[in-house]
Amino acid sequence: AVKVPYWETSDAEFSSKVATYFDLPVFLDYYLFLDVMLASDNHGKNYYLSVYDQTASPMVSLTPWDLDGVWG
């Protein structure tokens, strides 16, 4: 998954492989969540990249944490 967004990857290769390694619906939902909650302190930080079960799927997902700037 680390090699897919790497700067040497072509646009075509990135487009064909990104959905294989990254759980895109979770990434999209996370950024919608940030916008709805106005979580300005969580953009680009305060999340873990995680894998549910590497033996079942290699997809990387997001796990948010530290929302105390939003919810107190």
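Look a little higher up for the structure.
Residues numbered from 1 in each chain as written. Predicted model: local features only at pLDDT ≥ 70, side-chain atom pairs only at ≥ 80, totals over all residues. Heavy atoms only, no water.

Further remarks concern the side chain of Ser61. Positionally, Ser61 belongs in strand E2 (residues 61-64). Since its relative accessible area comes to 1%, Ser61 is described here as buried. One polar contact links Ser61 to Tyr52, side chain to side chain, over a distance of 3.2 Å. (Helix = DSSP H or I, 4+ residues; strand = E, 2+ residues; numbered from the N terminus. Buried < 20%, exposed > 50% of the residue type's maximum accessible area, 1.4 Å probe, protein only. Polar contact = N/O pair within 3.5 Å; in protein donor to acceptor, adjacent residues only side chain to side chain.)

Okay, the pattern of salt bridges next. On inspection of all chains with the given rule, the structure shows one salt bridge. Close ionic contact of Glu13 with Lys17 constitutes a salt bridge, the shortest N to O distance being 3.2 Å. Placement of both Glu13 and Lys17 in helix H1 (residues 11-21) is noted, with a separation of four residues, approximately one turn of the helix. Given the relative accessible area of 33%, Glu13 is considered partly exposed. With a relative accessible area of 34%, Lys17 lands in the partly exposed category. (Salt bridge = Lys/Arg side-chain N within 4 Å of Asp/Glu carboxyl O.)

One pass over the full model with this rule turns up four aromatic pairs. When the centroid spacing of 5.9 Å and the interplanar angle of 85 degrees are considered together, the rings of Phe22 and Phe27 count as edge-to-face. Given a relative accessible area of 15%, Phe22 falls into the buried group. Take Phe27: its relative accessible area is 17%, and that puts it in the buried class. Each ring, one from Tyr48 and one from Trp65, has its centre 5.7 Å from the other, and the planes form 25 degrees; the classification is stacked. (Phe/Tyr/Trp six-rings, centres within 6.5 Å; stacked < 30°, edge-to-face > 60°.)

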